[in-house]
Amino acid sequence: MPEAYGLQRQFFEMLLDSQWWSTEALRDYQRSQLSQLLRHARANVPFYERRLDALFRANGDIDWDKWGEVPIVKRQDMIDHRQAMQARELPNGHGPTAVFKTSGSTGLAIEITSTAIAAVADRGFRWRVHKWHDLDWSKTLISRLGYASHSEWFGGAEALGIWGPTWDSSAKQGAAWMMDRERPNEDVFGVLRRHHCTYLNSGALSSHVMARDSVRLGVELRIEAILTQGNLVRQADRDICRQVFGARLIEHYSSKEGGQLAHGCPLGKLHLNVEGSLLEVLDHEGNPCHPGQTGRVVITPVFQTAQPLIRYEQGDLATVGSPCACGRTAPTLDGVIGRSISLFVHPTGRAKVLSILPDDTPETLQSVHLQVAQVGPNAYELRYQPIDWTRFGDENTVADHLRDLLWDDIEIRFVRRRDLALARADKLIEFVNEWSGPVAN
Ligand SMILES: [Zn+2]
């Protein structure tokens, strides 16, 4: 499709320029994009017919000082008003659309209708972060983030084709592969080697576990860079991946709802992709946070025109960063706390990432909130706030599930608590590692 190809290239080349624009020029560009989204949503999406009234002056102009008065869209709205949030028609060139589901592991499962233009934008942002870190598109990128049901036929991974821009001559020699995310590390090393993996797409915690397993199993493997997705990248993750694989970690903050939201620059700061979305970090009163403060992430992705999300609470917490010395003007984040997830470690040195319990766990336990905490070398506490303090849920079943997911021999203690202060209001289950032993973090 020559037209789409042209647009893709045009957007990407604009991104290479716009990263150096002045703060004001970037803001003006973002506002012009937002204006189009707001007008489209008001005219074509029943959910937003009146919701944006505060923003519009009598003459139809947008009063940006009133932005904070636009009500926040919650995850629950995506379920309750799914139909009313769909656009009756799309702006020219934005389609076709596709529906994505986000995992309901410990929160609410939702569906989001996305546009082809949002995918064009996301590719542009990814290529830009590749450029920031001098990635070579003629090499091999393996992704460990999806499912690859036929991978056994092809040495453990499915071919995805090239991963750089189609018009780039070196990118034509490159190859991307998808490996099944459920594959154990023992096999992963073989797959990476067979496919000559230069770059790996994976979670920061999963990469951390992989590095530990590599040491434990005596496997030697070099990876140039790991493109991390999903969770906060901690210094400990960076250190172990550099030490074991020689890999640098390049942080990507994205979501199914908002696309590529922010990317790590060469100085390690996470810059917002302001050309594709407005990302706000708000305190508990709804005011914008200042650098150093942590608050709720609220996003407005500008290319999501099939199901507009205007001030949507993403369900993550982020810390606002200060201007970056790299020269890129886009605002920064100091870190994002994504899904509740933690790394648990067994006395044998094995480690596992845990982010889910069976969906019916809160029901089984008759709990409002539940927290799984590692508190000793092999000891865990399951803290929960019961729905009814006079009744007990089925603690044994939940303990069995946890042992299945972690290790058979862990000690589990149940603690009923009234004051379970969860960071995330929309999460019913939280995972934390509080044990400060030699390998925990
Ligand atoms: Zn920077």
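Parameters at a glance
Residues numbered from 1 in each chain as written. Predicted model: local features only at pLDDT ≥ 70, side-chain atom pairs only at ≥ 80, totals over all residues. Heavy atoms only, no water. Helix = DSSP H or I, 4+ residues; strand = E, 2+ residues; numbered from the N terminus. Expected span 1.5 Å × (residues − 1). Buried < 20%, exposed > 50% of the residue type's maximum accessible area, 1.4 Å probe, protein only. Donors = N, O, S within 2.8 Å, 3.2 Å for Na, K, Ca; no water. Tetrahedral: all angles 85-135°; square planar, octahedral: opposite > 155°, others 65-115°. Domains from an automatic or database assignment. 1 Å grid on protein atoms, 1.4 Å probe; cavity = no way out; pocket = protein on both sides within 12 Å on 5 of 7 lines; lining within 4 Å. Points joined across faces, edges and corners; volume = space filled by probe spheres on them. Nonpolar A, V, L, I, M, F, W, Y, C, P; charged D, E, K, R; others polar. Core = buried A, V, L, I, M, F, W, Y, C linked by side-chain atoms within 4.5 Å. Salt bridge = Lys/Arg side-chain N within 4 Å of Asp/Glu carboxyl O.

- Per an unreviewed UniProt entry, the recorded name for the protein is Phenylacetate--CoA ligase family protein, and the organism is Devosia nanyangense.

1. So, helix 2 (residues 23-44)
Piece 1. The first and last C-alpha atoms of helix 2 sit 31 Å apart over 22 residues, in line with the 32 Å expected at 1.5 Å per residue.
Piece 2. Within helix 2, burial applies to Leu26, Tyr29, Gln30, Gln33, Leu34, Ser35, Leu37, Leu38, His40, Ala41 and Asn44.

2. As for the coordination of the zinc ion
Piece 1. Within the protein, the atoms that donate to the zinc ion are Cys265 (SG), His271 (NE2), Cys324 (SG) and Cys326 (SG), at distances of 2.1 to 2.3 Å.
Piece 2. One can describe the donor arrangement at the zinc ion as tetrahedral, given that its 4 donor atoms subtend angles of 102 to 118° at the metal.
Piece 3. The motif formed by the donor residues of the zinc ion, counted along the single chain, is C-x5-H-x52-C-x1-C. Here Cys324 lies in the loop between strand 13 (312-320) and strand 14 (332-337) and Cys265 lies in the loop between strand 9 (259-264) and strand 10 (270-272), a separation of 59 residues in the sequence.

3. Focus on the domain arrangement of the protein
Piece 1. If you check the domain split of the protein, you get domain 1 (2-123 + 254-320) and domain 2 (342-433).
Piece 2. Each of domain 1 and domain 2 was reduced to a C-alpha centroid, and the two centroids are 34 Å apart.

4. Some words on the layout of surface pockets
Taking a probe equal in size to a water molecule and rolling it over the atoms shows the remaining empty space.
Piece 1. The computed volume of the second largest pocket comes to approximately 810 Å³.
Piece 2. Along the walls of the second largest pocket sit 29 residues, with Gln30, Leu278, Leu279, Glu280 and Pro331 positioned nearest its centre.
Piece 3. Mapped by element, the contributors of at least two residues to the lining of the second largest pocket are helix 2, strand 11 (277-282) and strand 14.
Piece 4. Among the elements that line the lining of the second largest pocket, the one with the most residues is helix 2, at 6 residues.
Piece 5. Of the residues that constitute the lining of the second largest pocket, the class distribution is 18 nonpolar, 7 polar and 4 charged.

5. Quick notes on the nonpolar core
Across soluble globular proteins, you tend to see nonpolar side chains buried next to one another.
Piece 1. By size, the foremost hydrophobic cluster in this structure holds 51 residues, and its most contacted members are Leu38, Tyr48, Tyr253, Leu279, Ile310 and Leu333.
Piece 2. Looking at this core, the element that brings in the most residues is helix 2, giving 6 residues.
Piece 3. Counting residues in hydrophobic clusters, the runner-up holds 24 residues, among them Ala157, Cys197, Leu200 and Ala247.

6. Regarding the pattern of salt bridges
Opposite charge on two side chains permits them to pair, given that their charged atoms come into close proximity.
Piece 1. Here the structure, examined in full by the defined rule, presents 22 salt bridges.
Piece 2. Note that Arg296 and Glu313 form a salt bridge whose closest N and O atoms lie 2.9 Å from each other. In this pair, Arg296 is assigned in strand 12 (residues 294-301) and Glu313 in strand 13, connecting sequence segments 17 residues apart.
Piece 3. The exposure class assigned to Glu313 is buried, which follows from its relative accessible area of 15%.
Piece 4. Here Glu381 makes a salt bridge to Arg413, at a shortest N to O gap of 2.9 Å. Note that Glu381 is positioned in strand 18 (residues 379-386) and Arg413 in strand 19 (residues 411-416), a separation of 32 residues in sequence.
Piece 5. Connected through shared salt-bridge partners, Glu381, Arg383, Arg413 and Glu434 make up one network.

7. Things to note about unusual backbone geometry
Piece 1. Here the bond from Gly95 into Pro96 is cis, since omega is -5°, no more than 30 degrees from zero.
Piece 2. Its place among the elements puts Pro96 in the loop between helix 3 (75-80) and strand 1 (97-102).
Piece 3. Despite not being glycine, Asp134 has its phi angle at roughly 50°, a positive value.
Piece 4. For Asp134, the position within the fold is in the loop between helix 4 (116-132) and strand 3 (140-146).

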